[in-house]
Amino acid sequence: MARGRIRARLRRSHLYTFSCLRPSAAEEGPHSIEGPGYSRIVHCNQPLMHNKKPFKYRSNYISTTKYNFVTFLPKALYEQFHRVANLYFLGTAIISVTPLSPFSAVSMIAPLAFVVGLSMAKEALEDWRRFMQDMKVNTRKVKVHKEDGIFGNKTWQKVQVGDVVKVEKDQFFPADLLLLSSSYEDGICYVETMNLDGETNLKVKRALEVTLSLDEDEAFKNFTGTITCEDPNPSLYTFVGNFEYDRQVYALDPSQILLRDSKLRNTTFVYGIAIFAGHDSKVMQNATKSPSKRSRIERKMDYIIYVLFSLLLMISLISSIGFAVKTKFYMPDWWYLQPQHTDDYYNPEKPVLSGVSHLVTALVLYGYLIPISLYVSIEVVKVLQASFINQDIQMYDEETGNPAQARTSNLNEELGQVDTILSDKTGTLTCNQMDFLKCSIAGTAYGVCSSEVELAAAQQMAIDLEDQDAERSTGSRQKGKQQEIELETVVTSRDEKDHKSPIKGFSFEDSRIMKGNWLREPNADVIMLFFRILAICHTAIPELNEETGSYTYEAESPDEGAFLVAAREFGFEFFKRTQSGVFVRERYSVAGQPIDREFKILNMLEFTSKRKRMTVIVRDEDGQILLLCKGADSIIFDRLSKNGRLYEEDTNKHLNEYGEAGLRTLALAYRKLEESEYSAWNNEFQKAKTSIGADRETLLENVAEMMERDLILIGATAVEDKLQKGVPQCIDKLAQAGLKIWVLTGDKMETAINIGYACSLLRQGMKQICITANSSDAKETLSLFVTVQVVKENILMQITNASQMIKLENDPHAAFALIIDGKTLAYALEDDMKQQFLGLAVDCASVICCRVSPKQKALVTRLVKEGTGKTTLAIGDGANDVGMIQEADIGVGISGVEGMQAVMASDFSVAQFRFLERLLVVHGHWCYKRIAQMVCYFFYKNIAFGLTLFYFEAFTGFSGQSVYDDWYMLLFNVVLTSLPVISLGVFEQDVSSEVCLQFPALYQQGPRNLFFDWYRILGWMGNGLYSSLIIFFLNIIIFYDQAFRSGGQTADMAALGTTMFTCIIWALNCQIALTMSHFTWIQHLFIWGSIGTWYLFLFVYGMLSPTISGNAYQILVEALAPAPIYWSATLLVTVACNLPYMAHICFQRCFHPMDHHIIQEIKYYKKDVEDQRMWSRERSKARQKTKIGFTARVDAKIRQLRGKLQRKHTSLEMHSPVTPS
């Protein structure tokens, strides 16, 4: 509380020139709010007014589920009967209640009800999980005014429009609120909008002056007011409204609005009025309904069902025509059928009617061609696959305790077919932590620690040179080269490895300026000024950590926090801020004693994305006025005086090196001011600040420009943007797997570009294509004269020129990066331009879209998905990513960070971005191949089985007689062939998870759809056709005229049918055994156990009474087992069925092996252990050629260093004397 009172005395608005300075509402006047779109009226602190219409608005309850209790049954049934096969079986179930059905109604309806019921139960379970996560948000607590100035806790879902809400530090806002007051005297508060727009910088919000007195609970005892404003809409950055209070009307703008799911920071508390609640809030307006997603394999299965249905229709037509012909021409001669006493279905006088009725019967009879058990088997397999994903310990995050979670199992195989990843930046790639790593002061580079890029490049070159060492056997010379490279790359010292800095935000090491040693450096006065700029030029607040005794800082950006930590470690500790100054404790001085110095803040020109710099004007203890400035190097260098460029060349060189090392840089400069000069300027500045009109901001910028010139360069900083653990490695592996990665962020362009460098989506030497709607800052001024058409034409010309430049590029190593902002993207996504934009983006190695709204993220995702026709995956962590996650083919949410909206809308969730590598490259690859092989095998086995029924029909006059016992047919899909195919879908591995990660190019088998293209599908269907012909005709040939029993009797229909069915069971199970690459005891149990179960069933079934077993009574014991022809026929048919497949895979592995075939062979012969060099070579070959990622960046660095080394050796050889031999 003490700290809160100290803060309350600060008027923070004094620090800001651009962010929160505006005329008072009274001066500005209320908005003119009339017409449609401005109908909302909010009665503040009068809850009873909003209990009835017309002021009863939506509640604050939110739901992201697909179903509710009312819609579940109709929507889920609609989902299920989207599937063509289910529609077919619904038709057959209806037919089964008519006399035309060859089967009983129960036998047709029960399987359909079981399959649909199981699928609906799975959908219900997954939606229930979404509901429970919604309730976690809905039941969060917040303080709400009850009555008489008393506040009490309420759940979020019970917050109403018009309620007065008190939000405390580090809490999320439960609804869209109008800010009334804060713990600061002038109504300032800091808001983190990372969940909404991806911005890491804190936003400054400011209450109306008229409500500043409402700064304690009791003040709301009699508070009332009325807000008239815009209707709910998705625009995060606009708001128009009026506030009527105390008989006065005040204009409202976005600077007073606190959006739901943004977070209160650096402020003890705020009071606000709920304006938009629940789904009316702007963040929820940006959300879209949970879509129903189906995988590509499942959608393609529908087409295969069409093919099989066409086959079914064809053979049913043949059967019905054959039956009609037989009925008309042959039935009258068959005296034993008594045609004169038949009904219409078998009337020789009505053959057409008989044929049509038989067509219906045939459509049901040959239904085994359409596998009803396919869907339920896939559902079972996908649920088990999802459980493996959930339980993968390699994707468990120990810090948060969150495992990976497959929130829906419908899309498992889609994970293996991803072509493009669209990623959010903040909280997804980054963890919002900067590390101060290097600096350049007075032309001297300091900092011996290497960035991740430098370390990786040096390590890779060392490995390459070791390989050359071994191949050429010229040890000493190569060793010398290696040492030179290590010196060239400034590899980190051993001290860094032995004494890794534990200080958060500070990884700097250099004994020359640490621990006061900077006092002995040649330019000690410049170094001191450098450190003072770090300690003074900011807007942060210090907080004393009572446990450690040191200060921590609440800064608006991670960069600012890192600079303050660095200043503290260098001995310049910022420890206090007052209304008019900052206090710095300088631990190292010439006198040798710590000194507390006060610097009076005269003016502060804060950082904005337009200005790209921050300036503070201070008066030191000697009375000297100093202008201290930090900003982008291009901005600072343009503003240097002639005598301020002493260190420009050296600093510029260091900045380039820092950029190549993937570091974020800022330049630091200063200027001494005369009293008279400052006074004259300050008068102009105050006039601009107090001016009223549309050009006030322009006036302020012009006055600031007058002072921010003639600067003297001091040096530059280099901070490493701390990405989430494993992000560069993950992006590198995904790039090697052939995936394209787009970054869509709400952050400003500079930050997005820096992150691109940090995670190696961008690198030094990559050609950046920046598409912008305005080439100058004067666009706003000219906007009255520039039509939209002119702007569109300009953007289209930029896109066309960039596409042309890429086509004309001859350098094979050239890489292009496309960077576009939200304003430009709005034009680029219009119908007449989006295809050209997409064409350019696809040609670029990486794409970064910045300052994009949540809606634009979803639109870009839709463009990529529909424009390329390939699988897209969107990953994000905040509410601003929900639209993108739902629009993509696969949505992945990051769990364990701020907010749960992204997770609730996602199909899969992981705790950190790095787990995406294993989710796709391992589980995605496995699931795709498992499902693809499983579906192909299903169609194969049903064709092989179903067509034998048709052949027998042709042999029996299309009579509708089945060659198999009814129990055989019921058990075929349910017991005898179901478990092996499920084990294929759950346990199959072409290679192990370690090999998947070592050979990322294997992943491309999915996007290229090698295992589920029409060639492979038709191949399996052809295999099924071949097997059906072999099984039927080989058995007919063998048993037709042959003695079956010892007494010389031939086989009857029961013996033939049972033998054929035995051959089917053996052939199909042996086929699946040949298909599998990975066996466990479970596969062996299911495959050979299924065959054993058939014989066991046949034995038990035959032992039952003839009234139950019918013609199968004692068939195994008395008829089949004693007959050698039964066993020899089974062996012969099984071998004949599988021989072509064996020949095919032998030929393929010998002459056209696939990638996994080669790896399997290497592993089988243990060459990966015996010949490590060959294994490493194969690994290096097994990655897609890519121009992004850590490896591509290291390769570029190696090319650069080799070029330097080559030039150095050439120079040495030219100057060295020739020694006589």
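The protein chain carries the name Phospholipid-transporting ATPase in an unreviewed UniProt entry, which gives Durio zibethinus as its organism. UniProt's Cofactor (unreviewed entry) comment on the protein chain is quoted here verbatim: "Mg(2+)". We quote the UniProt Sequence similarities (unreviewed entry) comment for the protein chain here in full: "Belongs to the cation transport ATPase (P-type) (TC 3.A.3) family. Type IV subfamily."

Asker: For this particular structure, what's the right way to read the confidence of the model for the protein chain?
Answerer: A low pLDDT means the predicted coordinates there should not be read in detail. Predicted confidence across the protein chain gives a mean pLDDT of 81, with 84% of residues reaching 70 or more. Predicted confidence for residues 22–27 stays below pLDDT 50, and this span has 14 contacts to residues more than four positions away or in other chains. In the predicted structure, residues 473–501 sits below a pLDDT of 50 and forms 40 contacts with residues beyond four places in sequence or in another chain.

Asker: When you look at the nonpolar core in this model, what are you seeing that I'm missing?
Answerer: Nonpolar side chains in soluble globular proteins tend to end up buried together. Counting residues in each nonpolar core, the largest one holds 109 residues, and the members touching the most others are V935, Y964, Y968, F1012, F1061 and W1094. If you tally residues by element for this core, the top one is helix α29 (residues 915–955), at 18 residues. Here Y964 is in contact with F945, T948, L949, M969, G1057, M1060, F1061 and I1064, once residues within four sequence places are set aside. Membership of the second largest hydrophobic core comes to 57 residues, among which are A386, V743, F908 and L916.

Asker: I'm lost on the side chain of E708 in this one. Help?
Answerer: Looking at where E708 falls in the secondary structure, it is placed in the loop between α19 (696–707) and β26 (712–723). E708 sits in the buried class, given a relative accessible area of 0%. Residue contacts for E708: discarding those within four places in its chain leaves L605, R611, R613, T615 and R639.

Asker: Looking at this model, I keep getting lost on the environment of D231. Mind explaining?
Answerer: Its place among the elements puts D231 in the loop between β8 (225–229) and β9 (241–245). We classify D231 as partly exposed; its relative accessible area is 21%. A sequence separation of 10 residues divides D231 from G241, and the C-alpha atoms of the two residues are 9.8 Å apart. Once residues within four sequence positions are removed from consideration, D231 is found in contact with G37, Y38, S39, R40 and F276.

Asker: Any chance you could explain the packing of aromatic side chains here in plain terms?
Answerer: When we look at a pair of aromatic rings, we describe it by the centre distance and by the angle of the planes. For the coordinates displayed, the defined rule picks out 55 aromatic pairs. Consider the rings of F269 and Y271, whose centres lie 5.6 Å apart with planes at 70°: the pair is edge-to-face. Ring pairing ties together the aromatic residues F436, F506, F508, W518, F530, F531, F563, F570 and F572, which thus form one cluster. Sitting above the plane of the W156 ring, R140 keeps its charged end 4.9 Å from the centroid. Sitting over the face of the ring of F583, K576 holds its NZ or CZ atom 4.9 Å from the ring centroid.

Asker: Where do I start with unusual backbone geometry in this structure?
Answerer: For residues besides glycine, phi is generally negative; the peptide bonds are generally trans as well. The phi dihedral of N266 is positive, around 55°, even though this residue is not glycine. Within the secondary structure layout, N266 lies in the loop between β12 (263–265) and β13 (269–276). Of the residues examined, N266 reaches a relative accessible area of 3% and is grouped as buried. Positioned with a positive phi, Q1114 is a non-glycine residue whose angle comes to about 55°. Within the secondary structure, Q1114 sits in the loop between α36 (1106–1109) and α37 (1115–1120).

Asker: I tried to follow the pattern of salt bridges on my own but got confused; where do I start?
Answerer: Between side chains of opposite charge, a pair can form when the charged atoms approach closely. In the structure shown here, the tally under the stated rule is 46 salt bridges. Where E123 meets K66, a salt bridge forms, and the shortest distance between an N and an O atom there is 3.3 Å. Of this pair, E123 sits in helix α5 (residues 105–138) while K66 sits in the loop between β1 (40–44) and α3 (72–80), placing them 57 residues apart in sequence. Residue classification places E123 among the buried positions, given a relative accessible area of 9%. In this structure, the salt-bridge partner of R294 is D302, at a minimum N-O distance of 3.0 Å. Residue classification places D302 among the buried residues on the basis of a relative accessible area of 8%. The network of salt bridges with shared partners includes R294, E298, D302, K382 and E413.

Asker: Help me understand the environment of A445 in this model?
Answerer: Residue position: A445 is located in strand β17 (residues 444–446). Of the residues examined, A445 reaches a relative accessible area of 31% and is grouped as partly exposed. Placed 209 residues apart in sequence, A445 and H654 show a C-alpha to C-alpha distance of 6.9 Å. Among residues more than four places away in sequence, those in contact with A445 are C439, S440, R512, H654 and Y658.

Asker: Help me understand the UniProt feature "active site" (unreviewed entry) in the protein chain in this model?
Answerer: In the UniProt entry, the feature "active site" (unreviewed entry) is given for D424. Tracing the sequence through the fold places D424 in the loop between β15 (418–423) and β16 (430–441). According to the relative accessible area criterion, D424 is buried, its value standing at 0%. Ignoring sequence-local partners within four residues, the contact set of D424 consists of L429, L744, T745, K857, I875, G876, D877, N880, D881 and M884. A polar atom in the side chain of D424 sits 3.1 Å from the side chain of K857.

Asker: Please explain the side chain of R930 as it appears in this structure.
Answerer: Along the chain, R930 falls in helix α29. For the buried R930, no salt bridge is present, and the opposite-charge side chain at shortest range is E988, 6.9 Å distant. In this view, R930 contacts Q385, L984, G985, V986, F987, E988 and Q989; residues no more than four positions away in its chain are not counted.

Asker: Explain the sheet that holds strand β6 (residues 188–192) to me, please; I cannot follow it from the model alone.
Answerer: The pairing of strands in a sheet comes from backbone hydrogen bonds and takes either a parallel or an antiparallel form. Strand order in the open sheet formed by three strands is β7-β6-β12, with antiparallel pairing between adjacent strands. With one partner strand each, in any of the chains shown, β7 (203–206) and β12 form the two edges of the open sheet. Neighbour-to-neighbour, the strand axes of the sheet open up by a mean angle of 45°, direction not taken into account. As paired strands, β6 and β7 are joined by four bridges and run antiparallel to one another. In the strand pairing of β7, V191 is matched with K203.

Asker: I tried to follow the sheet that holds β8 on my own but got confused; where do I start?
Answerer: Here we have four strands laid out as an open sheet, ordered β1-β8-β9-β10, and antiparallel in their pairing. A strand with exactly one partner marks an edge of an open sheet, and here the two such strands are β1 and β10 (248–252). Strand-to-strand twist across the sheet, computed as the mean angle between neighbouring axes with direction ignored, equals 20°. Note that β8 and β9 share four bridges and pair antiparallel.

Definitions and cut-offs
Residues numbered from 1 in each chain as written. Predicted model: local features only at pLDDT ≥ 70, side-chain atom pairs only at ≥ 80, totals over all residues. Heavy atoms only, no water. UniProt positions renumbered as here; feature names shortened; annotations may be inferred. pLDDT = per-residue confidence, 0-100. Contact = heavy atoms within 4.5 Å. Core = buried A, V, L, I, M, F, W, Y, C linked by side-chain atoms within 4.5 Å. Buried < 20%, exposed > 50% of the residue type's maximum accessible area, 1.4 Å probe, protein only. Helix = DSSP H or I, 4+ residues; strand = E, 2+ residues; numbered from the N terminus. Phe/Tyr/Trp six-rings, centres within 6.5 Å; stacked < 30°, edge-to-face > 60°. Lys NZ or Arg CZ within 6 Å of the ring centre and 35° of its normal. Salt bridge = Lys/Arg side-chain N within 4 Å of Asp/Glu carboxyl O. Polar contact = N/O pair within 3.5 Å; in protein donor to acceptor, adjacent residues only side chain to side chain. Lys, Arg positive; Asp, Glu negative; His and termini not counted. Pairing = 2+ DSSP bridges. Axes fitted to C-alpha atoms, helices over the stretch in contact; angles between N-to-C directions.

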